[in-house]
Amino acid sequence: MTRTQMIVLLTVTVTVIVGIIGLTVVLTPENTNPAYDVATQFMNAAGLGDDETAFPLLSPEMQTYVTANCPENSVSACISDYTPDEWGTLIRDGAAVYRRSIADGLAWDVLLVAVYEEGQGFA
């Protein structure tokens, strides 16, 4: 292989790699839609009992529901009621991560995976 061919091959390879990285950054949904970021922020906060962070992320209708129906008006308490006791607690902030989503009219159904003390996942 000549020097010129190697330079062309290297240039093409680098261009393809940079292109793939660029497209991934631009087209990865969690980087372009704020609904995904809010969903993970909410789950991580509520899963760790941080109602001060989680509550404002709810819609006004959900805030009213939480205030009327959750123990001690706590969104974290409502969330923990859905998690089986044998899973333990969310292991740390950032344990819930974006998995996938689907549009539901103007809203989004966002699925997350969370890791708990006993290694259980929840989507």
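Higher on the page you've got the structure.
Okay, so let's go over this structure. It should be emphasised that the depicted structure is a prediction, and the values quoted were computed from it without experimental measurement.

### Notes on the side chain of N44
Secondary-structure assignment places N44 in helix α3 (residues 34-47). Taking relative accessible area as the criterion, N44 reaches 6% and is therefore assigned buried. A polar contact of 2.9 Å, which involves the side chain of N44, links it to the backbone oxygen of T40. Not counting the four nearest positions on each side in its chain, N44 is found in contact with L90, R92, D93, G94, A95 and A96.

### Observations concerning a nonpolar patch on the surface
A surface patch of nonpolar side chains, about 340 Å² in accessible area, is lined by V8, V12, V16 and I20. Among the structural elements, V16 can be located in helix α1 (residues 3-27). V16 gets classed as partly exposed once you look at its relative accessible area, which sits at 45%.

### Observations regarding the layout of surface pockets
When its volume is computed, the largest pocket comes out at roughly 670 Å³. Lining the largest pocket are 23 residues, and of these F42, M43, L58, M62 and I79 sit closest to its centre. Secondary-structure elements contributing two or more residues to the lining of the largest pocket are α3, α5 (60-69), α6 (75-82) and β2 (107-115). Taken together, 14 residues form the lining of the second largest pocket, with G47, S80, T83, G88 and T89 sitting closest to its centre. Per-element tally for the lining of the second largest pocket: the top contributor is α6, with three residues. Taken together, the residues of the lining of the second largest pocket sort by class into six nonpolar, seven polar and one charged.

### Regarding the nonpolar core
Counting residues in hydrophobic clusters, the biggest one holds 19 residues, and the most contacted among them are F42, M43, A54, V75 and Y116. Sorting the residues of this core by element identifies α3, α6 and β2 as the ones contributing at least two each. For this core, the element with the highest residue contribution is α3, accounting for five residues. In contact with A54, other than residues within four places in its own chain, are F42, A45, A46 and V75.

### So, the pairing of β2
It is a general feature of regular strands that their side chains alternate between the two faces of the sheet. In terms of strand pairing, strand β1 (residues 97-104) meets β2 through seven bridges, oriented antiparallel. From the neighbouring strand, V97 faces β2, where its bridge partner is V113.

### A word on the side chain of S76
Looking at where S76 falls in the secondary structure, it is placed in helix α6. Sequence-distant contacts of S76, defined by excluding residues within four places in its chain, comprise A45, A46, G49, D50 and D51.

### Here's the deal with the state of the cysteines
Throughout the structure, instances matching the rule amount to one disulfide. Disulfide pairing places C70 opposite C78 at an S-S distance of 1.7 Å. Its S-S torsion of about -115° marks the bond between C70 and C78 as left-handed, since a negative value means left-handed. Taken individually, C70 and C78 each receive the classification buried, so the pair is uniform in this respect.

### Some words on the environment of C78
Relative to the assigned elements, C78 resides in helix α6. A residue is classified by how much of its surface remains accessible, and C78, at 17% relative accessible area, is buried. If we skip the residues at most four places from it in the chain, C78 touches C70 and P71.

Conventions adopted
Residues numbered from 1 in each chain as written. Predicted model: local features only at pLDDT ≥ 70, side-chain atom pairs only at ≥ 80, totals over all residues. Heavy atoms only, no water. Helix = DSSP H or I, 4+ residues; strand = E, 2+ residues; numbered from the N terminus. Buried < 20%, exposed > 50% of the residue type's maximum accessible area, 1.4 Å probe, protein only. Polar contact = N/O pair within 3.5 Å; in protein donor to acceptor, adjacent residues only side chain to side chain. Contact = heavy atoms within 4.5 Å. Patch = residues over 30% accessible without salt bridge, like charges linked within 9 Å, V, L, I, M, F, W, Y side chains within 5 Å. Areas by Shrake-Rupley, 256 points an atom, 1.4 Å probe, with all protein chains shown as cover. Salt bridge = Lys/Arg side-chain N within 4 Å of Asp/Glu carboxyl O. 1 Å grid on protein atoms, 1.4 Å probe; cavity = no way out; pocket = protein on both sides within 12 Å on 5 of 7 lines; lining within 4 Å. Points joined across faces, edges and corners; volume = space filled by probe spheres on them. Nonpolar A, V, L, I, M, F, W, Y, C, P; charged D, E, K, R; others polar. Core = buried A, V, L, I, M, F, W, Y, C linked by side-chain atoms within 4.5 Å. Pairing = 2+ DSSP bridges. Disulfide = S-S within 2.5 Å.

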